[in-house]
Amino acid sequence: LSTMPIPCPGPYSAILARNLFGSIRRCIYQRVGNLIDSSCKNMDAARKVIDMRSDTVTKPTDEMRRAMLEAVVGDDVYGEDPTVNALEAKAAEILGKEAAVFVPTGTMSNLLAIMTHCRHRGDEVIVGDLSHISLFEQGACSQLGGVFVRMVRNLPNGTLDLEELKSKLMLTKDSHFTTTRVVCVENTHNFLGGRVVRPEFMDRLVESLRDTGVKIHLDGARLFNAATALGVPPKKVAERADSVNICLSKGLGAPIGSLLVGSRDFIGLARHTRKAVGGGMRQVGVIAAPGLIALEKMTGMLSADHENATELAKGLFAMADRGVSVDMETVESNVVNFSVKGTGITAMDFAAKLMEGEEEEGPVVKVGPKGDYTMRAVVHHQVSREDICLALEKVSRVLESCQ
(Lines give C-alpha, C1' and ligand atoms only; values in the text may rest on other atoms or scores of the structure.)
Protein backbone atom coordinates (compact mmCIF):
# COMPACT_ATOMS: atom_id res chain seq x y z
CA LEU A 1 0.00 0.00 0.00
CA SER A 2 2.84 2.37 0.79
CA THR A 3 3.94 2.35 -2.89
CA MET A 4 0.52 3.19 -4.35
CA PRO A 5 0.45 6.49 -6.28
CA ILE A 6 -1.63 9.27 -4.80
CA PRO A 7 -3.94 10.56 -7.54
CA CYS A 8 -4.72 13.94 -5.96
CA PRO A 9 -1.82 16.41 -5.77
CA GLY A 10 -1.93 19.41 -3.53
CA PRO A 11 -1.75 20.20 0.21
CA TYR A 12 -4.54 17.75 1.11
CA SER A 13 -3.04 14.73 -0.66
CA ALA A 14 -1.39 13.32 2.47
CA ILE A 15 -4.65 13.56 4.45
CA LEU A 16 -6.62 11.91 1.63
CA ALA A 17 -3.99 9.19 1.34
CA ARG A 18 -4.14 8.44 5.06
CA ASN A 19 -7.93 8.21 4.88
CA LEU A 20 -7.69 5.92 1.87
CA PHE A 21 -5.12 3.65 3.50
CA GLY A 22 -7.16 3.65 6.71
CA SER A 23 -10.25 2.52 4.82
CA ILE A 24 -8.30 -0.23 3.07
CA ARG A 25 -6.79 -1.45 6.34
CA ARG A 26 -10.20 -1.50 8.02
CA CYS A 27 -11.60 -3.47 5.10
CA ILE A 28 -8.74 -6.00 5.29
CA TYR A 29 -9.06 -6.34 9.07
CA GLN A 30 -12.81 -6.86 8.74
CA ARG A 31 -12.39 -9.52 6.05
CA VAL A 32 -9.70 -11.33 8.06
CA GLY A 33 -11.82 -11.08 11.19
CA ASN A 34 -14.81 -12.53 9.34
CA LEU A 35 -12.67 -15.39 8.06
CA ILE A 36 -11.36 -16.17 11.55
CA ASP A 37 -14.86 -15.95 13.03
CA SER A 38 -16.23 -18.20 10.31
CA SER A 39 -13.40 -20.68 10.85
CA CYS A 40 -14.04 -20.79 14.61
CA LYS A 41 -17.76 -21.32 14.05
CA ASN A 42 -17.04 -24.14 11.62
CA MET A 43 -14.70 -25.77 14.16
CA ASP A 44 -17.36 -25.50 16.87
CA ALA A 45 -19.97 -26.96 14.55
CA ALA A 46 -17.66 -29.80 13.54
CA ARG A 47 -17.13 -31.12 17.06
CA LYS A 48 -19.52 -31.06 19.98
CA VAL A 49 -18.00 -30.15 23.34
CA ILE A 50 -19.62 -31.10 26.65
CA ASP A 51 -17.83 -29.08 29.31
CA MET A 52 -18.42 -30.24 32.88
CA ARG A 53 -15.16 -29.07 34.44
CA SER A 54 -17.18 -26.59 36.47
CA ASP A 55 -20.39 -24.58 36.40
CA THR A 56 -18.16 -21.52 36.00
CA VAL A 57 -17.85 -22.34 32.28
CA THR A 58 -21.44 -21.31 31.54
CA LYS A 59 -21.94 -18.66 28.86
CA PRO A 60 -24.37 -15.77 29.40
CA THR A 61 -27.79 -16.26 27.85
CA ASP A 62 -29.05 -14.11 24.98
CA GLU A 63 -31.28 -12.27 27.44
CA MET A 64 -28.25 -11.52 29.61
CA ARG A 65 -26.32 -10.19 26.64
CA ARG A 66 -29.19 -7.88 25.70
CA ALA A 67 -29.45 -6.67 29.29
CA MET A 68 -25.73 -5.86 29.29
CA LEU A 69 -26.13 -3.81 26.11
CA GLU A 70 -29.10 -1.86 27.45
CA ALA A 71 -28.05 -1.48 31.10
CA VAL A 72 -28.49 1.90 32.76
CA VAL A 73 -25.21 2.74 34.47
CA GLY A 74 -23.60 5.20 36.85
CA ASP A 75 -20.55 5.38 39.10
CA ASP A 76 -20.88 2.54 41.60
CA VAL A 77 -18.15 3.89 43.92
CA TYR A 78 -20.41 6.91 44.40
CA GLY A 79 -23.35 4.55 44.81
CA GLU A 80 -24.92 5.94 41.64
CA ASP A 81 -25.23 2.87 39.41
CA PRO A 82 -28.96 2.10 39.43
CA THR A 83 -28.51 -1.41 38.04
CA VAL A 84 -25.97 -2.34 40.71
CA ASN A 85 -28.21 -0.83 43.38
CA ALA A 86 -31.13 -2.90 42.12
CA LEU A 87 -29.00 -6.07 42.13
CA GLU A 88 -27.79 -5.48 45.69
CA ALA A 89 -31.33 -4.78 46.91
CA LYS A 90 -32.64 -7.92 45.20
CA ALA A 91 -29.94 -10.13 46.74
CA ALA A 92 -30.57 -8.74 50.22
CA GLU A 93 -34.31 -9.29 49.84
CA ILE A 94 -33.95 -12.87 48.60
CA LEU A 95 -31.64 -13.80 51.48
CA GLY A 96 -33.59 -11.96 54.16
CA LYS A 97 -30.78 -9.54 55.03
CA GLU A 98 -30.58 -5.76 55.19
CA ALA A 99 -27.97 -4.96 52.56
CA ALA A 100 -25.50 -6.31 50.00
CA VAL A 101 -22.37 -5.21 48.14
CA PHE A 102 -21.46 -6.28 44.60
CA VAL A 103 -17.92 -7.58 43.97
CA PRO A 104 -16.17 -9.22 41.00
CA THR A 105 -15.46 -12.63 42.59
CA GLY A 106 -16.43 -14.97 45.38
CA THR A 107 -12.85 -14.93 46.63
CA MET A 108 -13.11 -11.16 47.16
CA SER A 109 -16.51 -11.56 48.81
CA ASN A 110 -15.12 -14.09 51.31
CA LEU A 111 -12.07 -11.91 51.87
CA LEU A 112 -14.22 -8.86 52.64
CA ALA A 113 -16.39 -10.88 54.99
CA ILE A 114 -13.44 -12.21 57.00
CA MET A 115 -11.64 -8.86 57.10
CA THR A 116 -14.84 -7.12 58.21
CA HIS A 117 -15.50 -9.61 60.99
CA CYS A 118 -11.81 -9.58 62.00
CA ARG A 119 -11.07 -5.88 62.44
CA HIS A 120 -7.72 -6.23 64.19
CA ARG A 121 -4.50 -7.91 63.09
CA GLY A 122 -4.17 -11.16 64.97
CA ASP A 123 -7.90 -11.85 64.99
CA GLU A 124 -8.77 -15.37 63.96
CA VAL A 125 -11.14 -17.12 61.54
CA ILE A 126 -12.04 -20.82 61.79
CA VAL A 127 -12.59 -22.63 58.47
CA GLY A 128 -13.04 -26.21 57.35
CA ASP A 129 -9.83 -27.95 56.29
CA LEU A 130 -11.40 -28.86 52.94
CA SER A 131 -13.20 -25.56 52.40
CA HIS A 132 -12.78 -23.38 49.34
CA ILE A 133 -11.40 -20.63 51.59
CA SER A 134 -8.64 -22.88 52.93
CA LEU A 135 -7.76 -24.67 49.68
CA PHE A 136 -8.41 -22.35 46.75
CA GLU A 137 -8.13 -18.71 47.86
CA GLN A 138 -4.38 -18.44 48.51
CA GLY A 139 -4.87 -17.66 52.19
CA ALA A 140 -5.97 -14.21 51.06
CA CYS A 141 -7.25 -13.15 54.48
CA SER A 142 -3.78 -13.80 55.92
CA GLN A 143 -1.93 -12.29 52.97
CA LEU A 144 -3.96 -9.11 52.85
CA GLY A 145 -5.82 -8.85 56.15
CA GLY A 146 -3.40 -10.15 58.77
CA VAL A 147 -6.06 -12.65 59.88
CA PHE A 148 -4.94 -15.95 61.41
CA VAL A 149 -6.63 -19.02 59.92
CA ARG A 150 -7.37 -21.96 62.21
CA MET A 151 -8.68 -25.11 60.56
CA VAL A 152 -11.25 -27.61 61.81
CA ARG A 153 -11.95 -30.98 60.22
CA ASN A 154 -14.65 -31.08 57.57
CA LEU A 155 -16.87 -34.13 57.93
CA PRO A 156 -17.81 -36.07 54.76
CA ASN A 157 -21.25 -34.39 54.65
CA GLY A 158 -19.67 -30.93 54.40
CA THR A 159 -20.27 -29.89 58.01
CA LEU A 160 -17.65 -29.11 60.65
CA ASP A 161 -16.63 -31.30 63.58
CA LEU A 162 -18.32 -29.25 66.29
CA GLU A 163 -16.47 -30.91 69.17
CA GLU A 164 -13.15 -30.03 67.57
CA LEU A 165 -14.44 -26.55 66.80
CA LYS A 166 -15.42 -25.90 70.42
CA SER A 167 -12.00 -27.09 71.58
CA LYS A 168 -10.28 -24.65 69.21
CA LEU A 169 -12.25 -21.49 70.00
CA MET A 170 -9.84 -18.85 71.28
CA LEU A 171 -11.83 -16.60 73.58
CA THR A 172 -9.28 -15.70 76.26
CA LYS A 173 -8.08 -12.15 76.79
CA ASP A 174 -4.55 -13.45 77.39
CA SER A 175 -2.24 -11.49 75.10
CA HIS A 176 -0.40 -14.67 74.05
CA PHE A 177 -3.33 -15.82 71.92
CA THR A 178 -5.37 -14.89 68.90
CA THR A 179 -9.09 -14.14 69.28
CA THR A 180 -11.69 -16.12 67.34
CA ARG A 181 -14.07 -13.72 65.60
CA VAL A 182 -15.86 -15.76 62.92
CA VAL A 183 -16.52 -19.34 61.80
CA CYS A 184 -17.00 -20.06 58.09
CA VAL A 185 -19.34 -22.71 56.70
CA GLU A 186 -19.58 -23.68 53.01
CA ASN A 187 -22.93 -24.65 51.44
CA THR A 188 -23.02 -26.49 49.12
CA HIS A 189 -19.57 -27.91 49.81
CA ASN A 190 -17.46 -27.78 46.67
CA PHE A 191 -14.57 -30.15 47.40
CA LEU A 192 -16.76 -32.80 49.01
CA GLY A 193 -18.93 -33.08 45.92
CA GLY A 194 -21.69 -30.50 46.31
CA ARG A 195 -22.82 -31.80 49.70
CA VAL A 196 -25.74 -29.88 51.17
CA VAL A 197 -25.41 -28.57 54.72
CA ARG A 198 -28.74 -28.94 56.52
CA PRO A 199 -30.38 -26.18 58.61
CA GLU A 200 -30.18 -28.51 61.61
CA PHE A 201 -26.39 -28.30 61.55
CA MET A 202 -26.56 -24.51 61.43
CA ASP A 203 -28.83 -24.61 64.50
CA ARG A 204 -26.27 -26.73 66.34
CA LEU A 205 -23.46 -24.40 65.28
CA VAL A 206 -25.35 -21.36 66.59
CA GLU A 207 -25.90 -23.18 69.88
CA SER A 208 -22.18 -24.03 70.08
CA LEU A 209 -21.29 -20.35 69.67
CA ARG A 210 -23.94 -19.00 72.04
CA ASP A 211 -22.63 -16.22 74.32
CA THR A 212 -19.18 -16.25 72.66
CA GLY A 213 -19.69 -13.26 70.35
CA VAL A 214 -18.27 -15.34 67.49
CA LYS A 215 -20.03 -14.69 64.17
CA ILE A 216 -20.92 -17.06 61.31
CA HIS A 217 -20.02 -16.43 57.68
CA LEU A 218 -21.65 -18.63 55.04
CA ASP A 219 -19.69 -19.19 51.85
CA GLY A 220 -22.79 -19.80 49.76
CA ALA A 221 -21.19 -19.67 46.32
CA ARG A 222 -23.74 -22.36 45.42
CA LEU A 223 -26.33 -21.43 48.04
CA PHE A 224 -29.16 -21.60 45.51
CA ASN A 225 -28.20 -25.19 44.74
CA ALA A 226 -28.49 -25.92 48.46
CA ALA A 227 -31.91 -24.27 48.64
CA THR A 228 -33.06 -26.23 45.59
CA ALA A 229 -31.85 -29.53 47.03
CA LEU A 230 -33.53 -28.82 50.38
CA GLY A 231 -36.73 -27.50 48.79
CA VAL A 232 -36.62 -24.34 50.90
CA PRO A 233 -36.39 -20.60 50.14
CA PRO A 234 -32.80 -19.26 49.92
CA LYS A 235 -33.37 -17.12 53.03
CA LYS A 236 -33.87 -20.34 55.03
CA VAL A 237 -30.35 -21.46 54.09
CA ALA A 238 -28.96 -18.03 54.98
CA GLU A 239 -30.96 -17.24 58.11
CA ARG A 240 -28.43 -18.44 60.72
CA ALA A 241 -25.47 -16.68 59.14
CA ASP A 242 -24.34 -13.14 59.98
CA SER A 243 -22.87 -12.71 56.49
CA VAL A 244 -23.31 -14.62 53.24
CA ASN A 245 -21.39 -14.84 49.99
CA ILE A 246 -23.33 -15.81 46.86
CA CYS A 247 -21.91 -16.29 43.38
CA LEU A 248 -23.73 -15.30 40.18
CA SER A 249 -21.33 -16.86 37.67
CA LYS A 250 -21.64 -20.54 38.55
CA GLY A 251 -24.93 -22.39 38.13
CA LEU A 252 -26.82 -19.12 37.74
CA GLY A 253 -24.99 -18.47 34.48
CA ALA A 254 -23.97 -14.81 34.76
CA PRO A 255 -20.57 -13.96 33.27
CA ILE A 256 -19.14 -12.39 36.44
CA GLY A 257 -19.93 -11.29 39.94
CA SER A 258 -20.63 -12.21 43.55
CA LEU A 259 -22.44 -10.47 46.39
CA LEU A 260 -21.68 -10.20 50.07
CA VAL A 261 -24.89 -9.91 52.08
CA GLY A 262 -25.47 -8.99 55.72
CA SER A 263 -26.61 -6.24 58.06
CA ARG A 264 -26.53 -2.64 56.88
CA ASP A 265 -23.70 -1.71 59.25
CA PHE A 266 -21.66 -4.78 58.30
CA ILE A 267 -22.02 -4.12 54.57
CA GLY A 268 -21.04 -0.48 55.12
CA LEU A 269 -17.75 -1.62 56.64
CA ALA A 270 -17.27 -4.23 53.91
CA ARG A 271 -17.83 -1.62 51.20
CA HIS A 272 -15.10 0.50 52.78
CA THR A 273 -12.72 -2.50 52.72
CA ARG A 274 -13.71 -3.33 49.14
CA LYS A 275 -12.06 -0.10 47.98
CA ALA A 276 -8.82 -1.03 49.73
CA VAL A 277 -8.52 -4.41 47.99
CA GLY A 278 -9.23 -3.00 44.54
CA GLY A 279 -12.90 -3.87 44.30
CA GLY A 280 -14.27 -0.38 43.76
CA MET A 281 -15.81 -0.39 40.28
CA ARG A 282 -17.36 2.36 38.21
CA GLN A 283 -20.02 1.91 35.48
CA VAL A 284 -20.55 -1.76 36.22
CA GLY A 285 -24.27 -1.92 35.62
CA VAL A 286 -23.25 -3.70 32.41
CA ILE A 287 -22.15 -6.72 34.48
CA ALA A 288 -24.76 -6.30 37.21
CA ALA A 289 -27.58 -6.53 34.64
CA PRO A 290 -27.02 -10.24 33.86
CA GLY A 291 -26.74 -10.80 37.60
CA LEU A 292 -30.30 -9.56 38.04
CA ILE A 293 -31.49 -12.03 35.42
CA ALA A 294 -29.52 -14.75 37.20
CA LEU A 295 -31.35 -14.09 40.46
CA GLU A 296 -34.76 -13.61 38.90
CA LYS A 297 -34.85 -16.38 36.29
CA MET A 298 -31.98 -18.85 36.53
CA THR A 299 -32.55 -20.20 40.04
CA GLY A 300 -35.58 -22.12 38.81
CA MET A 301 -33.41 -24.11 36.39
CA LEU A 302 -31.17 -25.64 39.06
CA SER A 303 -33.48 -28.57 39.78
CA ALA A 304 -32.93 -29.81 36.21
CA ASP A 305 -29.17 -29.60 36.76
CA HIS A 306 -29.51 -31.72 39.89
CA GLU A 307 -31.60 -34.31 38.05
CA ASN A 308 -29.04 -34.49 35.24
CA ALA A 309 -26.22 -34.86 37.76
CA THR A 310 -28.07 -37.79 39.33
CA GLU A 311 -28.48 -39.41 35.91
CA LEU A 312 -24.76 -38.97 35.26
CA ALA A 313 -23.94 -40.55 38.63
CA LYS A 314 -26.28 -43.48 37.96
CA GLY A 315 -24.64 -44.08 34.60
CA LEU A 316 -21.17 -44.04 36.14
CA PHE A 317 -22.32 -46.27 38.99
CA ALA A 318 -23.44 -48.84 36.42
CA MET A 319 -19.83 -49.04 35.22
CA ALA A 320 -18.55 -50.28 38.58
CA ASP A 321 -17.49 -53.63 37.10
CA ARG A 322 -15.31 -51.71 34.64
CA GLY A 323 -13.31 -49.80 37.25
CA VAL A 324 -15.43 -46.67 37.80
CA SER A 325 -16.86 -45.96 41.25
CA VAL A 326 -19.20 -43.30 42.61
CA ASP A 327 -20.85 -42.99 46.01
CA MET A 328 -24.48 -42.24 45.15
CA GLU A 329 -25.21 -40.96 48.67
CA THR A 330 -22.87 -38.04 48.10
CA VAL A 331 -24.68 -36.80 44.96
CA GLU A 332 -27.02 -34.17 46.37
CA SER A 333 -26.79 -31.26 43.96
CA ASN A 334 -25.03 -30.60 40.65
CA VAL A 335 -21.57 -32.03 41.45
CA VAL A 336 -20.50 -35.63 40.86
CA ASN A 337 -17.21 -36.92 42.27
CA PHE A 338 -16.13 -40.28 40.90
CA SER A 339 -13.06 -42.50 40.90
CA VAL A 340 -11.34 -44.28 38.01
CA LYS A 341 -8.83 -46.09 40.22
CA GLY A 342 -10.17 -49.49 39.17
CA THR A 343 -9.20 -48.77 35.57
CA GLY A 344 -5.53 -48.39 36.44
CA ILE A 345 -5.51 -45.03 34.65
CA THR A 346 -4.84 -41.77 36.45
CA ALA A 347 -7.50 -39.09 36.53
CA MET A 348 -5.30 -36.80 34.43
CA ASP A 349 -4.88 -39.41 31.69
CA PHE A 350 -8.56 -40.38 31.80
CA ALA A 351 -9.57 -36.73 31.39
CA ALA A 352 -7.23 -36.43 28.40
CA LYS A 353 -8.74 -39.53 26.77
CA LEU A 354 -12.25 -38.08 27.14
CA MET A 355 -11.12 -35.16 24.98
CA GLU A 356 -9.45 -37.32 22.33
CA GLY A 357 -10.77 -39.32 19.41
CA GLU A 358 -12.31 -38.71 16.02
CA GLU A 359 -15.68 -37.04 15.58
CA GLU A 360 -17.45 -40.37 15.03
CA GLU A 361 -16.15 -41.51 18.43
CA GLY A 362 -18.32 -38.98 20.20
CA PRO A 363 -18.04 -35.44 21.57
CA VAL A 364 -15.17 -33.85 23.42
CA VAL A 365 -16.03 -34.34 27.10
CA LYS A 366 -14.31 -32.14 29.66
CA VAL A 367 -14.24 -33.09 33.33
CA GLY A 368 -11.85 -32.07 36.07
CA PRO A 369 -9.10 -34.29 37.52
CA LYS A 370 -9.35 -33.80 41.28
CA GLY A 371 -6.74 -36.18 42.65
CA ASP A 372 -4.62 -39.10 41.50
CA TYR A 373 -7.69 -41.11 40.53
CA THR A 374 -10.61 -38.88 41.51
CA MET A 375 -12.53 -36.78 39.01
CA ARG A 376 -15.25 -34.16 39.24
CA ALA A 377 -18.08 -33.38 36.84
CA VAL A 378 -20.27 -30.34 37.43
CA VAL A 379 -23.60 -30.13 35.63
CA HIS A 380 -25.09 -26.77 34.62
CA HIS A 381 -27.91 -25.40 32.48
CA GLN A 382 -25.88 -25.71 29.28
CA VAL A 383 -25.53 -29.48 29.77
CA SER A 384 -28.71 -31.23 28.63
CA ARG A 385 -30.03 -34.74 29.38
CA GLU A 386 -28.92 -35.71 25.88
CA ASP A 387 -25.43 -34.41 26.70
CA ILE A 388 -25.36 -36.63 29.79
CA CYS A 389 -26.14 -39.67 27.64
CA LEU A 390 -23.46 -38.71 25.11
CA ALA A 391 -20.92 -38.15 27.90
CA LEU A 392 -21.64 -41.58 29.38
CA GLU A 393 -21.22 -43.16 25.95
CA LYS A 394 -17.84 -41.46 25.64
CA VAL A 395 -16.79 -42.74 29.08
CA SER A 396 -17.79 -46.24 27.98
CA ARG A 397 -15.70 -45.96 24.80
CA VAL A 398 -12.69 -44.81 26.80
CA LEU A 399 -13.09 -47.76 29.15
CA GLU A 400 -13.23 -50.14 26.17
CA SER A 401 -10.02 -48.67 24.79
CA CYS A 402 -8.30 -49.22 28.13
CA GLN A 403 -9.09 -52.91 28.43
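Here the focus is the packing of helix α3 (residues 82-95) against helix α12 (residues 285-298). For the pair α3 and α12, interaxial distance at closest approach is 8 Å and the crossing angle is 30°. The orientation of α3 with respect to α12, classified from their angle, is roughly parallel. Viewed along their axes, α3 and α12 form a crossing whose handedness is left-handed. Two secondary-structure elements touch here, α3 through Thr83, Val84, Ala86, Leu87, Lys90, Ala91 and Ile94 and α12 through Gly285, Ala288, Ala289, Gly291, Leu292, Leu295 and Glu296.

The next thing to look at is the sheet that holds strand β11 (residues 368-369). On the basis of which strands lie adjacent, the open sheet formed by three strands has the order β9-β12-β11 and antiparallel pairing. The outermost strands of the open sheet, each flanked by one partner alone, are β9 (335-339) and β11. Here helix α13 (residues 302-317) sits on the sheet and contacts β9 and β12 (374-378); the angle it forms with β9, its principal contact strand, is near 10°. Contacting β11 and β12, helix α14 (residues 347-354) runs over the sheet at an angle of about 45° to β12.

Across the sheet, which stays open at both edges, the seven strands sit in the order β2-β8-β7-β6-β5-β3-β4 with mixed pairing between neighbours. Looking at strand neighbours, the two that pair on one side only are β2 (99-103) and β4 (148-152), the edges of this open sheet. With strand direction ignored, the average angle separating the axes of adjacent strands in the sheet is 20°. Relative to strand β5 (residues 179-186), strand β3 (residues 123-128) runs parallel, the two sharing four bridges. Its bridge partner lying in β5, Val125 is registered against Val182.

This part is about the nonpolar core. Core analysis: the largest hydrophobic core is formed by 54 residues, its most contacted members being Phe102, Leu165, Leu205, Ile246, Leu259 and Leu295. In terms of residue count, the dominant contributor to this core is α12 (eight residues). In this view, Leu259 contacts Leu87, Glu88, Ala91, Ala100, Val101, Phe102, Val103, Ser109, Val244, Asn245, Ile246 and Leu248; residues no more than four positions away in its chain are not counted. Formed by 30 residues, the second largest nonpolar core is a distinct cluster that contains Ile50, Val331, Phe338 and Val340.

To continue, consider the side chain of Thr343. Structurally, Thr343 can be placed in the loop between β9 and α14. Overall, Thr343 belongs to the buried group, its relative accessible area being 18%. Within the structure, Thr343 has its side chain in polar contact with the backbone oxygen of Val340 (distance 2.6 Å). Here Thr343 is in contact with Arg322, Gly323, Phe350 and Leu399, once residues within four sequence places are set aside.

The next subject is the packing of aromatic side chains. In the structure shown here, the tally under the stated rule is one aromatic pair. Between Phe136 and Phe191 the ring centres are 6.4 Å apart and the planes differ by 40°, which places this aromatic pair in the tilted class. Pair noted here: Phe136 is in helix α5 (residues 132-136) and Phe191 is in the loop between β5 and α8 (199-208), with a separation of 55 residues, a long-range link. On the accessibility criterion, Phe136 (44% relative accessible area) is partly exposed. One residue, Lys370, lies across the ring of Phe191, its end atom 3.9 Å from the ring centre.

Taken across its five residues, β12 has four buried, putting it largely inside the fold. Across five bridges, β9 lies against β12 in antiparallel orientation. Within β12, the residue paired with Phe338 across the bridge is Met375. Here β11 runs beside β12; their pairing, made up of two bridges, is antiparallel. Each bridged residue has a counterpart across the sheet, and for Gly368 the counterpart in β12 is Arg376. In textbook terms, the turn of a hairpin is the stretch between consecutive antiparallel strands, and for β11 and β12 this stretch comprises four residues.

By secondary structure assignment, the location of Pro363 is in the loop between α14 and β10 (364-366). Apart from the residues lying within four places of it in its own chain, the contact partners of Pro363 are Arg47, Lys48, Ile50, Leu354, Leu390 and Lys394.

In terms of burial, β2 is largely enclosed, as five of its five residues are buried. Burial along β2 is two-sided: the face carrying Ala99, Val101 and Val103 and the face carrying Ala100 and Phe102 are both buried. Note that β2 and strand β8 (residues 258-262) share five bridges and pair antiparallel. The partner of Phe102 across the bridge, within β8, is Leu259.

On to the pattern of salt bridges. Charged atoms that come close allow side chains of opposite charge to pair. Taken as a whole, this structure holds 19 salt bridges when the rule is applied. Residues Arg181 and Asp123 are paired through a salt bridge, measuring 3.2 Å at the closest nitrogen-oxygen approach. Pair noted here: Arg181 is in strand β5 and Asp123 is in strand β3, with a separation of 58 residues, a long-range link. One salt bridge connects Glu332 with Arg195, and the closest N-O pair in it is separated by 3.1 Å. Here Glu332, found in the loop between α13 and β9, pairs with Arg195, found in the loop between β5 and α8; they are 137 residues apart in sequence, far enough to count as distant. Through salt bridges that share partners, Arg195, Arg198 and Glu332 make up one connected network.

What follows is about the environment of His306. Within the secondary structure layout, His306 lies in helix α13. Measuring from C-alpha to C-alpha, the distance between His306 and Val379 comes to 7.5 Å, with 73 residues separating the pair along the chain. In this structure His306 touches Asn225, Thr228, Ala229, Glu332, Ser333 and Asn334, once residues within four positions along its chain are discounted.

Parameters and conventions
- Residues numbered from 1 in each chain as written.
- Predicted model: local features only at pLDDT ≥ 70, side-chain atom pairs only at ≥ 80, totals over all residues.
- Heavy atoms only, no water.
- Axes fitted to C-alpha atoms, helices over the stretch in contact; angles between N-to-C directions.
- Helix = DSSP H or I, 4+ residues; strand = E, 2+ residues; numbered from the N terminus.
- Parallel < 35°, antiparallel > 145°, perpendicular 65-115°, else oblique.
- Left-handed = near helix turned anticlockwise from the far one by under 90°.
- Contact = heavy atoms within 4.5 Å.
- Pairing = 2+ DSSP bridges.
- Core = buried A, V, L, I, M, F, W, Y, C linked by side-chain atoms within 4.5 Å.
- Buried < 20%, exposed > 50% of the residue type's maximum accessible area, 1.4 Å probe, protein only.
- Polar contact = N/O pair within 3.5 Å; in protein donor to acceptor, adjacent residues only side chain to side chain.
- Phe/Tyr/Trp six-rings, centres within 6.5 Å; stacked < 30°, edge-to-face > 60°.
- Lys NZ or Arg CZ within 6 Å of the ring centre and 35° of its normal.
- Salt bridge = Lys/Arg side-chain N within 4 Å of Asp/Glu carboxyl O.

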